[in-house]
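# Coordinate analysis (summary)
Here are the chains, one letter per residue:
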Amino acid sequence: MWRIGPGGVKPALLAGLGFLAGCTSPGPAVVRHPDYRPADLRRPAVVLQVSGEFAGREPASISDRFEAGLIDALNGQGLFPLDVAVRTSGTLDRGQALARARSLRADALLLLEMNLGRRDLVYCRETRRPFAARTTALAVTLEVLRVSDGARLLLEPPGDPPLTDIEVECGPERSIRRLSIEELAGAGISRALTLLLRR
């Protein structure tokens, strides 16, 4: 992480980072089927994909943390998955995942993607002392498919603002803390569960 001195972040840098954000192509729109009811999720199968930049760590060592946190969070909401498949590479094959869910007699298929990426972000932008830092950002995508016919019941693309591994208090007594991968995973799972159970 790097900080800018009393003069703040140079306008050219702020403009450049803003330009890059503005050039991001729009993602998929939220889909919420009229038939979607969180209370109907009784026997789900789950596919968890953890992908992106692992900062030199073994992908399995990171995905294990996401998997354990997700199972605990689902169980805490009274959801006990019939199966949790974890992937750290490749493209998700929805047809194959649905076939697996049908073989388990699941009623719904939960597809959860956690994508980790490294990028420069500006914090405390609205204050007189903004600063930029190299950040790990976590993008959460949640999709729920009905197993019987493959219909998409829910699609929640990555939200804004992104989840990051930097926690900042921008007040007079500024504080900056770097989150652990476990804390970042927990934040991502919490966001996913909020979207999953929202009525």
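Residues numbered from 1 in each chain as written. Predicted model: local features only at pLDDT ≥ 70, side-chain atom pairs only at ≥ 80, totals over all residues. Heavy atoms only, no water.

### Re the overall build of the protein
We count it as follows: Helix numbering and strand numbering both begin at the N terminus, where a helix is a DSSP run of H or I of at least 4 residues and a strand a DSSP run of E of at least 2. The cut-offs for exposure are 20% and 50% of the maximum accessible area for each residue type, with area from a 1.4 Å probe on protein chains only; residues under the lower value are buried, those over the upper are exposed, and the others partly exposed. Whether two residues are in contact is decided by their heavy atoms, any of which lying within 4.5 Å being enough. Here the accessible surface of atoms and residues is derived via Shrake-Rupley with a 1.4 Å probe, and residues count as covered only by protein chains that are part of the display.
Regarding its fold elements, the protein presents four helices and nine strands. Moving toward the C terminus, one meets the helices and strands of the protein in the order α-β-β-α-β-α-β-β-β-β-β-β-α. Evaluated residue by residue, the protein yields a buried proportion of 37% over its 199 residues. Contacts in the protein between residues far apart in sequence, at least 24 positions, make up 72% of those at least 6 positions apart. Total accessible area on the protein is roughly 11100 Å²; 52% of this is exposed by carbon and sulfur atoms.

### Let's talk about the side chain of Glu156
The test is simple: Any pair of nitrogen or oxygen atoms within 3.5 Å is treated as a polar contact; in protein, a donor-acceptor pairing is required on top of that, and neighbouring residues in sequence qualify only through side-chain atoms on both sides.
Mapped onto the secondary structure, Glu156 falls in strand 6 (residues 152-156). Among the polar contacts listed, one links the side chain of Glu156 to the side chain of Arg32, at a separation of 3.3 Å. There is a polar contact of 2.9 Å between the side chain of Glu156 and the side chain of Arg198. For Glu156, the residues in contact, after removing those within four places along its chain, are Val30, Arg32, Val140, Thr141, Leu142, Leu195 and Arg198.

### So, the pairing of strand 6
Note the cut-off: The pairing criterion for strands is at least two bridges between them, as found by DSSP.
The element strand 6 is largely enclosed, with a buried count of four among its five residues. Bridge count between strand 1 (residues 31-32) and strand 6: two bridges; the pairing is antiparallel. The residue of strand 6 that forms the bridge with Arg32 is Leu154. As paired elements, strand 5 (residues 131-146) and strand 6 share four bridges and run antiparallel to each other. The partner of Leu145 across the bridge, within strand 6, is Arg152. Taking the residues that link successive antiparallel strands as the turn, the strand 5-strand 6 hairpin has five residues, and the phi of Gly150 there is positive, at about 75 degrees.

### Examining helix 2 (residues 59-76)
Applied cut-off: A helix is expected to span 1.5 Å multiplied by its residue count minus one. To obtain the arc, one takes the directions from the helix axis to the C-beta atoms.
Its 18 residues place the ends of helix 2 26 Å apart at the C-alpha level, agreeing with the 26 Å of an ideal helix rising 1.5 Å per residue. Three or more residues of helix 2 are buried, namely Ile62, Ser63, Phe66, Leu70 and Leu74. Angular distribution of buried residues about the axis of helix 2 spans 95 degrees; they occupy a single face of the element. Opposite the buried face of helix 2, at more than 90 degrees from it, the exposed residues are Asp72 and Gly76. Gly78 occupies a position one or two residues after helix 2 and carries a positive phi of about 80 degrees.

### Comments concerning helix 3 (residues 94-103)
Residues separated by three or four positions in an α-helix point in the same direction, a consequence of the helix having 3.6 residues per turn. Within the span of helix 3, buried status applies to Ala97, Leu98 and Ala101. When helix 3 is viewed along its axis, its buried side chains cluster within an angular range of 100 degrees and face the same direction. Away from the buried face of helix 3 by more than 90 degrees, exposed residues Gln96 and Ser103 are located. In this structure, the buried residues of helix 3 make contact with strand 2 (44-52), strand 4 (108-123) and strand 5. Residue Asp93 occupies the N-cap position of helix 3, its side-chain oxygen lying 3.1 Å from the main-chain nitrogen of Gly95. Of the residues flanking the end of helix 3, it is Arg105, one or two places downstream, whose phi is positive at about 60 degrees.

### Details of the environment of Arg94
Inspection of the secondary structure assignment puts Arg94 in helix 3. Residues Arg94 and Val47, spaced 47 residues apart in sequence, show a C-alpha to C-alpha distance of 9.6 Å. Setting aside its immediate chain neighbours within four residues, Arg94 contacts Leu111 and Glu143.

### Brief notes about the pattern of salt bridges
How we decide: When a carboxyl oxygen of Asp or Glu is within 4 Å of a side-chain nitrogen of Lys or Arg, the pair counts as a salt bridge.
Summed over the entire model, instances satisfying the criterion amount to 12 salt bridges. Measuring nitrogen to oxygen at the nearest pair gives 3.3 Å for the salt bridge that ties Arg177 to Glu167. Separated by 10 residues along the polypeptide, Arg177 in strand 9 (residues 175-178) and Glu167 in strand 8 (residues 166-169) bring together distant segments of the chain. By relative accessible area, Glu167 is classed as partly exposed at 43%. In the salt-bridge network here, residues are joined through shared partners; they are Arg32, Glu156 and Arg198.

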